[in-house]
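Here is what each chain is made of, one letter per residue.
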Amino acid sequence: SRSRENRPYALARASRGVAVIDIVGSLVNRGAWVGANSGLVSYEGIGAQVDDAVADPEVTSILLDINSPGGEATGMFGLAEKVRAARSVKPVVAVVNDVAASAAYGIASAATEIVISPTSLVGSIGVVMMHVDRSGANEKAGIVETAIFAGANKTLGMGRLTADARANYQALVNSFYDRFLETVAAGRGERTTAEMARATEASVYIGRDAITAGLADRVATFDQVLA
């Protein structure tokens, strides 16, 4: 038989029984093998590496090497659930090296523990949706848009933001936010309850302040954790 280090089809690199999964760049749902050189990393690709590491008998623990400002909400919840399942089989350590914000923190929260450096940025537990109104600019340019549609809500949010459209979008944001809080609490337990996560008001914490806030567990370097 061949060891993992000599197998070309192993998805996550591993050394001395530790599988290292890089989570570097903005997070997107699909695109299995987009990587740091593109500035993107996908939940799909991360999940495949987690599955590979869990299934491999040569891997005894998993290290998530995270440097990401976050990204798409869709897909993060499923990956966090996968990481929580993985940690019931093998220890999963999230190393914030040096940013785990928003959706990236959602992933980190699912690990057995979160390790940070003195300058790591952690948190931003929140959800944002942007609406851009270009109707004024279109009017000045002499552009007239006419939507031909079926379904009363199909054009919701197009053009000027009405009160009904805003309420609809706010409900969507609130739904994702509640799920985010539940995901953090499912991973962190009493260390970071949903109430504690909500109380952060999506703030970002640096270094030991993150530990004080309950968002991280200890300070160490990547090499120290790997060793």
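One structure accompanies this document, and this report is about it. (Residues numbered from 1 in each chain as written. Predicted model: local features only at pLDDT ≥ 70, side-chain atom pairs only at ≥ 80, totals over all residues. Heavy atoms only, no water.)

Re helix α1 (residues 43-55)
- The first and last C-alpha atoms of α1 sit 18 Å apart over 13 residues, in line with the 18 Å expected at 1.5 Å per residue.
- Buried positions along α1 lie against β2 (18-24), β3 (26-28), β4 (40-42), β5 (61-68), α2 (76-87) and α3 (103-108). (Helix = DSSP H or I, 4+ residues; strand = E, 2+ residues; numbered from the N terminus. Expected span 1.5 Å × (residues − 1). Contact = heavy atoms within 4.5 Å.)

A few points about the pairing of strand β6 (residues 92-101)
- Counting buried residues in β6 gives seven out of ten residues, a clear majority hidden from the surface.
- Direction of pairing for β5 relative to β6: parallel, over a ladder of six bridges. Bridge assignment links I62 to a residue of β6, and that residue is V92.
- As judged from the three bridges shared by β6 and strand β7 (residues 113-116), these two strands associate in the parallel manner. Looking across to β7, one finds that V95 is bridged to V115.
- Two strands pair when backbone bridges link them, and β6 and strand β8 (residues 121-123) are joined in this way by three bridges, in the parallel orientation. In the sheet register, A101 faces β8, and the bridge partner there is G123. (Buried < 20%, exposed > 50% of the residue type's maximum accessible area, 1.4 Å probe, protein only. Pairing = 2+ DSSP bridges.)

Section: unusual backbone geometry
- In this structure, D98 follows N97 across a cis peptide bond, with omega equal to 25°.
- With respect to the element layout, D98 can be found in strand β6.

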